[in-house]
Amino acid sequence: MRMEDLIASNPLRVLGLDKKAEEGRQSLGLVMARAGLGKTAILVQIALDSMLRGNRVLHVAIGESIEKTRDRYDDILSLMVEDLSEEVRSDVARRRMIMTFKESVFNRPRLEERLKDLIHQDIFRPDCLIIDGYDFDGNGRKAMEELKALMADLGIAVIWFSAVCHRDDPRVSVDGVPAPCHTIDDLFEVVLLIKPHGEAIHLDILRCAYCQVEPGTTLTLDPSTMMIKKR
């Protein structure tokens, strides 16, 4: 399968992420779910979509190992296409770097220091940042605004976060974004919420400034792979 065919067949096309990239504007995206419902799998699909379109992705894994994070990319790429050539597979892998932090030491200054080391030494300049495991309970609006200022300073186009919500917390924003992100949802152009629905898993589009589908749309995930089912 050619790269062009793989891009065209990706179910994430419905989110319109490629159009956003073409606009050249900066944005924040958020994937929320209760613990263990597949946030990382969705983030990896978003990252792979960006890499397949020629962008470089830095995946910041907080509280997770490089090996486990790399395995997730390999597993999902294999699910997306069975007959991908080694040449294309290697080309995709070269567009990704994984950076890990222990949960107790991650903060914006440390991320900035390591990011600038990569960029200033011409080792890796990311277009897209994935931050998986960010503590939204312990960091509020000011911390998020500082991260947004950092991405502008370093020329990063998109940052995607994962966030854990809780079944017994009733707080939600006007757009239905659950706590702990309900008071800062205006900072995000896209907010996706993973929810179990009987035997199925749904992906609710709560906010989206540029999707091909309207906010309020629900997509269906394959519970065995956590990949978006084709419409």
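Keep in mind it's a predicted model, so treat the numbers as computed, not measured.

**Q** It is not clear to me how the overall build of the protein chain should be interpreted in this structure. Could you clarify?
**A** Helix and strand content of the protein chain: seven helices and eight strands. Looking at the protein chain as a whole, 51% of its 231 residues are labelled buried. Sequence-distant contacts in the protein chain: of pairs separated by 6 or more residues, those separated by 24 or more amount to 70%. Surface accessibility of the protein chain: about 11,200 Å² in total, with carbon and sulfur atoms responsible for 46%.

**Q** Help me understand the confidence of the model for the protein chain in this model?
**A** Keep in mind that low pLDDT regions are not for reading the predicted coordinates in detail. Of the residues in the protein chain, 89% reach a pLDDT of 70 or more, and the chain-wide mean stands at 88. The secondary-structure element of the protein chain with the lowest mean pLDDT is helix α2 (residues 17-23), recorded at 57, while strand β2 (residues 57-62) shows the highest, at 98.

**Q** Any chance you could explain the sheet that holds strand β3 (residues 96-101) here in plain terms?
**A** What links the strands of a sheet is backbone hydrogen bonding, and the strands pair in either a parallel or an antiparallel sense. Pairing within the open sheet is mixed, and its eight strands lie in the order β3-β2-β4-β5-β1-β6-β7-β8. Single-partner strands in this sheet number two, and they are β3 and β8 (218-221). The average undirected angle you get between the axes of adjacent strands in this sheet is 20°. Packed on one face of the sheet, helix α4 (residues 66-80) meets β2, β3 and β4 (128-132) and runs near 145° to β3.

**Q** When you look at unusual backbone geometry in this model, what are you seeing that I'm missing?
**A** Peptide bonds are mostly trans, and most non-glycine residues show a negative phi. Each neighbour pair has its own omega, and for A179 with P180 the value is 10°, a cis peptide bond. As for its position among the elements, P180 is in the loop between β5 (158-164) and β6 (190-197). The phi dihedral of D122 is positive, around 55°, even though this residue is not glycine. Within the secondary structure, D122 sits in the loop between α6 (108-120) and β4. The exposure class assigned to D122 is exposed, which follows from its relative accessible area of 70%. Positive phi is not limited to glycine here, since M226 has a value of about 60°. Inspection of the secondary structure assignment puts M226 in the segment after β8.

**Q** I would appreciate a short explanation of the packing of α6 against helix α7 (residues 141-154) in the present structure.
**A** Geometry of a packed helix pair, given as the angle between the helix axes and the separation of the axes. Packing of α6 against α7 brings their axes to within 11 Å, and their N-to-C directions diverge by 10°. Taken together, α6 and α7 sit at an angle that is classed as roughly parallel. Residue-level inspection shows R108, L111, E112, L115, K116 and I119 of α6 in contact with α7, the latter providing E146, L147, L150, D153 and L154. When the residues that make up the contact of α6 with α7 are grouped by side-chain class, the tally is six nonpolar, no polar and five charged.

Quick notes on the rules
- Residues numbered from 1 in each chain as written.
- Predicted model: local features only at pLDDT ≥ 70, side-chain atom pairs only at ≥ 80, totals over all residues.
- Heavy atoms only, no water.
- Helix = DSSP H or I, 4+ residues; strand = E, 2+ residues; numbered from the N terminus.
- Buried < 20%, exposed > 50% of the residue type's maximum accessible area, 1.4 Å probe, protein only.
- Contact = heavy atoms within 4.5 Å.
- Areas by Shrake-Rupley, 256 points an atom, 1.4 Å probe, with all protein chains shown as cover.
- pLDDT = per-residue confidence, 0-100.
- Pairing = 2+ DSSP bridges.
- Axes fitted to C-alpha atoms, helices over the stretch in contact; angles between N-to-C directions.
- Parallel < 35°, antiparallel > 145°, perpendicular 65-115°, else oblique.
- Nonpolar A, V, L, I, M, F, W, Y, C, P; charged D, E, K, R; others polar.

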